[in-house]
Amino acid sequence: MTVEERIRQIEEQLVGSQPKQVLLVEGTNDVEAYRLLLERHRPSSAGSVAVAEAGGKREVCQILKARPGWVGLLDHDEWGDARAQAALTKHPNLRLLPRYCLESYLIHPGELWRALPPAQQSRIQGGDETLASALLNDLDRYLRHGALWHTVRPLWDVLMDLDFTNALASARSVDAAQNDDAIKATLAGWQAALDPDSAFGAFQRNLASAQAAPLDEQLANWVHGKVFFNQHVCAALNKHLGQRGAEKRRTELLRSLPIAPDLAALFEDVLALAR
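Presented here is an overview of the structure given in this document. Fair warning: this is a prediction, and the values are worked out from it, not measured in the lab.

## With respect to the environment of His145
Argument step 1. Counting through the fold element by element, His145 comes out in helix 8 (residues 139-161).
Argument step 2. According to the relative accessible area criterion, His145 is partly exposed, its value standing at 28%.
Argument step 3. Spatially, the C-alpha atom of His145 lies 37 Å from that of Glu4, the residues being 141 residues apart in sequence.
Argument step 4. Apart from the residues lying within four places of it in its own chain, the contact partners of His145 are His224 and Val227.

As structure tokens, this is what we get:
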């Protein structure tokens, strides 16, 4: 689906003749989650904001370019300050989640404990200390994974900026295939971007930063929240509370999760833009 087709679909199916503002989010699962959280934070938003899936980060930005009056909300993910600021400057109505991703609000022991109903809390012998121990007992492994993710994912963006594969292996690369020097130069650019020693050095620096960070920062920004929740947190909760799939557990928690101050501030900002 092209950007134009998606815009038309959103306008026809979600807006119509109603005086609604559009909030663009990345994926299908984000739509219901943000609609739920926004309505819990501000019940009146149900009638004034249409939450729409764009398809990904690039798509959110592409749609905002065509509809600059709409509002976009992206996971922060592994974006560094420079990359984030460049996107925010280019798209004034774009906002970034303060934490790595939405699941990052479901992995902090203290916040997660407060999201559990009293009946579920009573089923965990030892209370919040037992829950915290279960959630954090494998944190080092997920910090290494998060540091590696922070290192590798930006390399993909670099390769995309270098037109990776398309420059030499696409329907439009026939002319490029005739010039040996141009082929070598393109391959050299890819090789430089993927230099193993440089990449591993960046991983070591990221890992050192992640390990030295306070726990709150580790869980908010370094650990890949979705992976940690799906693979570790959900399993820890299932051990005490009975079996639930990750998606169902996520939805249940979002319905009872106290809205954290940083998330509440973001929602106020988004709703102000949506007026």
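## A look at the packing of aromatic side chains
Argument step 1. Within the structure shown, the criterion is met by 5 aromatic pairs.
Argument step 2. Here Trp156 and Phe164 contribute two aromatic rings whose centre-to-centre distance is 6.2 Å and whose plane-to-plane angle is 80°, an arrangement assigned as edge-to-face.
Argument step 3. Judged by its relative accessible area of 41%, Trp156 is partly exposed.
Argument step 4. Accessibility expressed as a relative area gives 23% for Phe164, which makes it partly exposed.
Argument step 5. Aromatic side chains Phe164 and Trp190 sit 4.8 Å apart centroid to centroid with 75° between the ring planes, which places their arrangement in the edge-to-face category. Of this pair, Phe164 sits in the loop between helix 8 and helix 9 (180-193) while Trp190 is found in helix 9, placing the two residues 26 residues apart along the sequence.
Argument step 6. Aromatic ring contacts, followed pair by pair, group Trp156, Phe164 and Trp190 into a single cluster.
Argument step 7. The ring of Trp79 is capped by Lys57, whose NZ or CZ atom sits 5.4 Å from the centre of that ring.
Argument step 8. Just above the ring of Tyr142 sits the side chain of Arg141; from NZ or CZ to the centre is 6.0 Å.

## A few points about the pairing of strand 3 (residues 71-74)
Argument step 1. Because side chains alternate across strand 3, one face comprises the buried residues Val71 and Leu73, and the other comprises Gly72 and Leu74, equally buried.
Argument step 2. As paired elements, strand 1 (residues 21-25) and strand 3 share 2 bridges and run parallel to each other. The residue bridging Leu23 from the neighbouring strand is Val71, located in strand 3.
Argument step 3. Relative to strand 4 (residues 94-96), strand 3 runs parallel, the two being bridged by 3 bridges. When the sheet's bridge partners are listed, Gly72 is paired in strand 4 with Leu94.

## Focus on the pattern of salt bridges
Argument step 1. Inspection of the entire model under this criterion finds 15 salt bridges.
Argument step 2. A cluster of three or more residues bridged by salt bridges with shared partners is formed by Glu26, Lys57 and Asp77.

## A look at the side chain of Glu103
Argument step 1. With respect to the helices, strands and loops of the structure, Glu103 is situated in the loop between strand 4 and helix 5 (109-115).
Argument step 2. In this structure Glu103 touches Gly225, Lys226, Phe229 and Arg250, once residues within four positions along its chain are discounted.

Cut-off values and rules
- Residues numbered from 1 in each chain as written.
- Predicted model: local features only at pLDDT ≥ 70, side-chain atom pairs only at ≥ 80, totals over all residues.
- Heavy atoms only, no water.
- Helix = DSSP H or I, 4+ residues; strand = E, 2+ residues; numbered from the N terminus.
- Buried < 20%, exposed > 50% of the residue type's maximum accessible area, 1.4 Å probe, protein only.
- Contact = heavy atoms within 4.5 Å.
- Phe/Tyr/Trp six-rings, centres within 6.5 Å; stacked < 30°, edge-to-face > 60°.
- Lys NZ or Arg CZ within 6 Å of the ring centre and 35° of its normal.
- Pairing = 2+ DSSP bridges.
- Salt bridge = Lys/Arg side-chain N within 4 Å of Asp/Glu carboxyl O.

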